[in-house]
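# What the coordinates show
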Amino acid sequence: MIEVLGANKYFGEAHVLRDIDLTVESGEVVVVVGPSGSGKSTLCRTINRLESLSSGEIRIDGAPLPSEGKALARLRAQVGMVFQSFNLFGHRTILDNVALGPVHVTKVQKARARKDGLELLERVGIADQADKYPAQLSGGQQQRAAIARALAMRPKVMLFDEPTSALDPEMVNEVLDVMTELAREGMTMVVVTHEMGFARRAANRVVFMDAGQIVEQDTPDAFFTRPSSDRARDFLSKVLSH
């Protein structure tokens, strides 16, 4: 479903992605972990072309990423993205936020989009908040609304870029529970996160990045119990000791 081939990315002199090769199969959940500044979020953002590569190629479902125009808009409809900031429209209700994309991008009739939107809000556990505005919701509820909004486009792939890092600790699990359920349902997912419990529970594969490179990748059990590199062992000793 996702192929990253020889990906390099520079920001000025900084070489933030270094010859990245990564394949994600349909229905696979890949969790990307590593220290801050290792290139995790940049990799995630290149997969739906929020960041363009300096060299290399990315394919989604066999097709190269388009560079611009309507083809790029269609691609972004197929690749849902959830950020650490919720990016909801503050002047629209939660249901309007969810229904907006299908109406304007894929030309779904408004009544149908709202019906589907309510079902998605039910799915993420906040149907009772449909007529409220983002500012009236908790952070966890807003992030669940953002997940519903991405799902409304019926994506082939979901990307999550540190979706819980802006949340209060008590709200983290309600978002991770929605993501875990999505994983169980077979959604293809790439998740950049610091939540190691989620990585253990929901990932098919853990990818460890450091200094712009993929250092190692393995099953959660193997990665957390028998990391093969010194860098991964050092990282895990820091994040799992608290």
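Residues numbered from 1 in each chain as written. Predicted model: local features only at pLDDT ≥ 70, side-chain atom pairs only at ≥ 80, totals over all residues. Heavy atoms only, no water.

For the record, the criterion: UniProt positions are given in the numbering used here, feature names are shortened, and annotations may be inferred rather than shown by experiment.
An unreviewed UniProt entry annotates the chain as ABC-type polar-amino-acid transporter originating from Cryptosporangium phraense. The chain has a UniProt comment under Subcellular location (unreviewed entry) that states "Cell membrane". Turning to the chain, the UniProt annotation filed under Sequence similarities (unreviewed entry) states: "Belongs to the ABC transporter superfamily."

## Considerations on the pattern of salt bridges
Put simply, the test is: Salt bridges are defined as contacts in which a side-chain nitrogen from Lys or Arg sits within 4 Å of a carboxyl oxygen from Asp or Glu. Using a 1.4 Å probe on the protein chains alone, a residue whose accessible area is under 20% of its type maximum counts as buried, one over 50% counts as exposed, and one in between counts as partly exposed.
Taken as a whole and judged by the stated rule, the model has 14 salt bridges. The shortest N-O distance in the salt bridge between Glu57 and Arg59 comes to 3.4 Å. Overall, the relative accessible area of 28% leaves Glu57 in the partly exposed class. A residue is classified by how much of its surface remains accessible, and Arg59, at 25% relative accessible area, is partly exposed. It is possible to trace a salt-bridge network through shared partners that takes in Arg112, Asp116 and Arg154.

## What to know about the nonpolar core
Applicable threshold: Side-chain atoms within 4.5 Å are what join buried Ala, Val, Leu, Ile, Met, Phe, Trp, Tyr and Cys residues into a set we call a nonpolar core. Helix and strand assignments come from DSSP, with helices taken as H or I runs of at least 4 residues and strands as E runs of at least 2, each series counted from the N terminus.
If you look at the biggest cluster of nonpolar residues, it comprises 48 residues, and the most contacted ones within it are Ile147, Met158, Phe160, Met179 and Met189. Take this core: its biggest share by element is eight residues, from helix H6 (residues 169-184). Grouped together as the second largest cluster of nonpolar side chains are 27 residues, Met1, Val4, Ile20 and Met81 included.

## Brief notes about the packing of helix H3 (residues 94-104) against helix H4 (residues 110-123)
We apply this condition: With axes taken as lines fitted to C-alpha atoms, and helix axes fitted only over the stretch in contact, angles between N-to-C directions fall between 0 and 180 degrees. Angular relationships are summarised with four words: roughly parallel below 35 degrees, roughly antiparallel beyond 145, roughly perpendicular across 65 to 115, and oblique for the angles in between. Crossing handedness: left-handed means the near helix sits turned counterclockwise from the far one by under a right angle, and right-handed means the same turn made clockwise. By definition in these notes, contact holds between two residues if any of their heavy atoms fall within 4.5 Å. Each residue is assigned to one class: nonpolar for Ala, Val, Leu, Ile, Met, Phe, Trp, Tyr, Cys and Pro, charged for Asp, Glu, Lys and Arg, and polar for all the others, Gly among them.
The contact between H3 and H4 brings their axes to 8 Å, and the two run at 125 degrees. Judged by the inter-axis angle, H3 sits oblique to H4. Crossing geometry of H3 relative to H4 is assigned as right-handed. For the pair H3 and H4, contact is made by Ile94, Leu95, Asp96, Val98, Ala99, Pro102 and Val103 and by Lys110, Ala113, Arg114, Gly117, Leu118, Leu120 and Leu121, respectively. Grouping the constituent residues of the contact of H3 with H4 by class yields 10 nonpolar, one polar and three charged.

## Section: helix H2 (residues 69-78)
Looking at H2, one finds that the buried residues are Leu72, Leu75 and Ala77. Turning to H2, the residues buried within the fold contact strand S4 (55-60) and strand S6 (79-82).

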